[in-house]
Amino acid sequence: MDETISFVLNGKPASLRTDPLRRLLDILREDFALTGTKEGCGQGECGACAVLLDGQLVNSCLVPAIAVSGKQVLTIEGFRATPRYALLRACFEQAGAVQCGFCTPGMLMAAEALLRRNPAPTQDEIRTALSGNLCRCTGYAAILKAVETAAKEGMER
Amino acid sequence: MTGCCRPETLEDALSILSRQGAQVLAGGTDWMVKHGQQGPHGGPVLYIAELAELRQIAVHGGEIHIGAACTLTELLESPLVPDCLKQPLAQMASPAIRNIATIGGNLCNASPAADALPMLSAMDAMLSLRSHKAEERLPAEDFLLAPGKPRLAQGQLLVEIHVPLSPKWDCVYRKVGLRRANSLSKVSFCALSDKKAGYVQDVRIAFGAVAPRVVRSREAEKRILSSGHPLTDDQIQAIAAEYGKLLKPIDDARSSRAYRREVSLRLLKWYLREGMNA
């Protein structure tokens, strides 16, 4: 039975009638056409569908609509409008941290979730923060380097 | 009730559970994998993740009381939660999953590979189970009846986990999995010791994922304590043989019976020889 679910999506109020157990991932892609959030495994293993829910990293394939009600959702499209996105993007480009790009939105959201809480992470903390995000082009070294550089440059600003 | 129900209070949730069976949904990290893409969802669903009564962490007497719907991240960030309980939690899943997965969900899924249960069993944690009319305290160790079967009666909900705060254990935790993040345990090993003046006063050992239930033996723990210090090789072999009888590992996609047994006993022997006295 459908219910009205209201939340804040990328800073703007959003509302829809839907199955309260429907995946946030499907709502974002199908109802709001926010296709930057990718479906990889659909089981919470790969992190391609990562978004921030009330500032915390979550896999949107595991989040039912009912759990979003009254909360703030930030997707890669909303994150694009921020200075840290610009910094991370530049660092990813510089480090060659993007090949096919499918994992990149999730990687960026995981990096943002880390840097919000911990602007000067150690290498180990970066590895842990990205540990739920898989890259099958296997650019991990470049991705870790990109986040490390972004943290350093972010601190210098 | 059809579809999905979101009670405002714990009392409402228990009242709904008492009137009709419902699938309980908390963090959803396992539930959504099983049910998220299909509909209808096979009966009513009771969403409890945001009930305030289930989200508290507080000290009462000599125990810490942890609400069943607290997320793993909340436990890891709480200064009240003992470090030895944080060790298995920190190695579970990945940050994004720890942000929504609940401690109660880990227990109620009743997987023999659930990583919170061996440590809770070793710490003599108790579970508070509530129904509309009654409250019951059950040792965490007795919660898993069989794979997939928690000891929850019709209408009962796991509401809190009670963990004794003393003694201050020296703790060893080892999880053996394919990789650091997002792997399910092939074997997990918990060992706690309470030392005074360098001598072990008390010891607890628990194994996960090597039998239908957590493996813990009070007889073997007593034997370790009464065997003198340090343990001789013969004593270590004899204690390992005792645990060997209790391990009932299986062959599955994650590992083999032989590997699980071998690794479990090697971890145990290492602990008795070195880890316990470190």
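Conventions we followed
- Residues numbered from 1 in each chain as written.
- Chains lettered and ligands numbered in written order.
- Predicted model: local features only at pLDDT ≥ 70, side-chain atom pairs only at ≥ 80, totals over all residues.
- Helix = DSSP H or I, 4+ residues; strand = E, 2+ residues; numbered from the N terminus.
- Domains from an automatic or database assignment.
- Nonpolar A, V, L, I, M, F, W, Y, C, P; charged D, E, K, R; others polar.
- Core = buried A, V, L, I, M, F, W, Y, C linked by C-beta atoms within 7 Å.
- Buried ≥ 20, exposed ≤ 12 C-beta atoms within 10 Å, placed from the backbone.
- Contact = placed C-beta atoms within 7 Å.
- pLDDT = per-residue confidence, 0-100.
- Axes fitted to C-alpha atoms, helices over the stretch in contact; angles between N-to-C directions.
- Left-handed = near helix turned anticlockwise from the far one by under 90°.

**What to know about the environment of Glu74 of chain B**
Relative to the elements of secondary structure, Glu74 of chain B occurs in helix 3 (residues 72–77). Through-space distance from the C-alpha of Glu74 of chain B to that of Ile57 of chain B is 9.0 Å; in sequence the pair is 17 residues apart.

**Digging into the domain arrangement of chain B**
Residues and elements named next belong to chain B. By domain assignment, chain B separates into domain 1 (4–164) and domain 2 (170–277). Measuring from the centre of the C-alpha atoms in domain 1 to the corresponding centre in domain 2 gives 26 Å. Broken down by secondary-structure element, the contributors of at least two residues to the side of domain 1 that touches domain 2 are helix 4 (83–90), helix 7 (116–122) and strand 8 (144–146). Among the elements that take part in the side of domain 1 that touches domain 2, helix 7 stands out by supplying five residues, more than any other. The residue makeup of the side of domain 1 that touches domain 2, split by class, is 13 nonpolar, four polar and three charged.

**With respect to the nonpolar core**
Grouped together as the largest cluster of nonpolar side chains are 136 residues, with contacts concentrated most on Met109 and Ala110 of chain A together with Ile48 of chain B. Tallying contributions element by element places helix 4 (residues 104–117) of chain A first for this core, with eight residues. Not counting residues up to four positions away in its chain, the partners in contact with Ala110 of chain A are Gly47, Ala50, Leu57, Ala129, Leu130 and Asn133 of chain A.

**What about the confidence of the model for chain B?**
Residues with a pLDDT of 70 or more make up 97% of chain B, whose mean pLDDT is 94. As scored by the predictor, the complex reaches a pTM of 0.95 and an ipTM of 0.96.

**Side note on the packing of helix 9 (residues 233–246) of chain B against helix 10 (residues 257–273) of chain B**
Residues and elements named next belong to chain B. Two elements in contact, helix 9 and helix 10, have axes separated by 10 Å at closest approach and are oriented at 145 degrees. The handedness of the crossing between helix 9 and helix 10 comes out as right-handed. Packed against helix 9, whose contacting residues are Ile236, Ile239, Ala240, Tyr243 and Gly244, the element helix 10 presents Leu265, Leu268, Lys269, Leu272 and Arg273 at the interface. For the contact of helix 9 with helix 10, a count of residues per class yields seven nonpolar, one polar and two charged.

**Digging into the domain arrangement of chain A**
Residue and element names in this part refer to chain A. Per the domain assignment, the segments making up chain A are domain 1 (3–78) and domain 2 (82–156). Domain 1 and domain 2 are separated by 21 Å when their C-alpha centres are compared. At the interface, 14 residues of domain 1 touch 12 residues of domain 2. Only strand 3 (50–53) and strand 4 (56–59) provide two or more residues apiece to the side of domain 1 that touches domain 2. Looking at which element gives the most residues to the side of domain 1 that touches domain 2, the answer is strand 3, with three residues. Here the residues of the side of domain 1 that touches domain 2 are counted per class, giving eight nonpolar, five polar and one charged.

**With respect to the interface of chain A and chain B**
Contacts between the two partners involve 25 residues from chain A, matched on the other side by 24 residues from chain B. Where the side of chain A that touches chain B is concerned, the elements lending two or more residues are strand 4 and helix 5 (123–129) of chain A. The leading source of residues in the side of chain A that touches chain B is strand 4 of chain A, at four residues. Considering only residue class, the side of chain A that touches chain B consists of 13 nonpolar, nine polar and three charged.

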